[in-house]
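# Summary of structural features
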Amino acid sequence: MNQDVPKLFQINLSGLGCWLTLLATFMLLGTVGLGWLANGILIVIGLVIISPIIGWLGFRWWLKRNLVDDQCPVCNYEFTGFTRTDCQCPNCGEPLKVEQGHFQRLTPPGTIDVEAVEVTVKQIED
Ligand SMILES: [Zn+2]
């Protein structure tokens, strides 16, 4: 048999046959008077091709709205994060959240940031 013919060529040839069959079907539909059906199928194919492009543009618009470029409040390292998600500073590893387009330090609920103060130790004698 034809073992010298690469597989890719065979696939291309069968693809061409498929398109030719499709074209012949459209022509046949046109001659029978079902041109509207052919047009409908063409519109569906057009939608199939166009919808990923629209999806990609929508995704890029969404990214632009949801990406935040800001500096880490701890080490001032500038990086990009998503809004409404918790992230971690790639430089110092500090857990951060995004609020109003800026990174904030993430503290677990109930945690209060306090400053250490020196207290004098009093000894209670009985
Ligand atoms: Zn940092």
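For the structure, see preceding data.
Presented here is a report on the structure given in the accompanying data block.

This part takes up the overall build of the chain. Each helix and strand counted, the chain has two helices and five strands in total. Put simply, the chain runs from its N terminus to its C terminus through helices and strands in the order α-α-β-β-β-β-β. In the chain, which comprises 126 residues, the share counted as buried stands at 5%. Within the chain, contacts between residues at least 6 apart in sequence are counted, and of these 17% link residues at least 24 apart.

Strand order in the open sheet made by the three strands is β3-β4-β5, with antiparallel pairing throughout. Every interior strand has two partners, whereas the edge strands, β3 (86–88) and β5 (102–105), have only one. Geometrically, the sheet is characterised by an average inter-axis angle of 45 degrees between neighbouring strands, direction not taken into account.

With that settled, the discussion passes to the pairing of strand β2 (residues 78–82). One ladder, built from five bridges, connects strand β1 (residues 67–71) with β2; its direction is antiparallel. Looking at β2, one finds that V68 is bridged to G81. Hairpin remark: β1 followed by β2, antiparallel, with six residues in the connecting loop; positive phi at N76, about 65 degrees.

Leaving glycine out, the prevailing phi sign among residues is negative, and the prevailing peptide bond configuration is trans. A positive phi angle, near 65 degrees, is found at N76, a position not held by glycine. Positionally, N76 belongs in the loop between β1 and β2. The exposure class assigned to N76 is exposed, which follows from the 10 C-beta atoms found within 10 Å. Its identity as a non-glycine residue notwithstanding, Q100 has a phi of 50 degrees, on the positive side. Within the fold, Q100 resides in the loop between β4 (95–99) and β5. Residue classification places Q100 among the exposed positions, given that 7 C-beta atoms sit within 10 Å.

So, about the nonpolar core. Counting residues in each nonpolar core, the largest one holds five residues, listed as C72, C89, L96, V98 and F103. With residues up to four places along the chain from it excluded, the contact list for F103 reads D70, C72, P73, G81, L96 and V98.

Take G81: it is sitting in strand β2. Residue class for G81 comes out buried when judged on the 20 C-beta atoms lying within 10 Å of it. Taking C-alpha positions, G81 is 9.6 Å from G101, a pair spaced 20 residues apart along the chain. Sequence-distant contacts of G81, defined by excluding residues within four places in its chain, comprise V68, C87, V98 and F103.

Bringing helix α2 (residues 35–66) into the picture now. Side chains three or four residues apart in an α-helix point the same way, a direct result of the helix having 3.6 residues per turn. End to end, α2 covers 46 Å across 32 residues, agreeing with the expected 46 Å (1.5 Å per residue, within 8%). Largest kink in α2: about 25 degrees, centred on I50, with the proline P52 one to four residues after it.

The rules we used
- Residues numbered from 1 in each chain as written.
- Predicted model: local features only at pLDDT ≥ 70, side-chain atom pairs only at ≥ 80, totals over all residues.
- Helix = DSSP H or I, 4+ residues; strand = E, 2+ residues; numbered from the N terminus.
- Buried ≥ 20, exposed ≤ 12 C-beta atoms within 10 Å, placed from the backbone.
- Contact = placed C-beta atoms within 7 Å.
- Pairing = 2+ DSSP bridges.
- Axes fitted to C-alpha atoms, helices over the stretch in contact; angles between N-to-C directions.
- Core = buried A, V, L, I, M, F, W, Y, C linked by C-beta atoms within 7 Å.
- Expected span 1.5 Å × (residues − 1).
- Bend = angle between axes of the 7 residues up to and from the residue.

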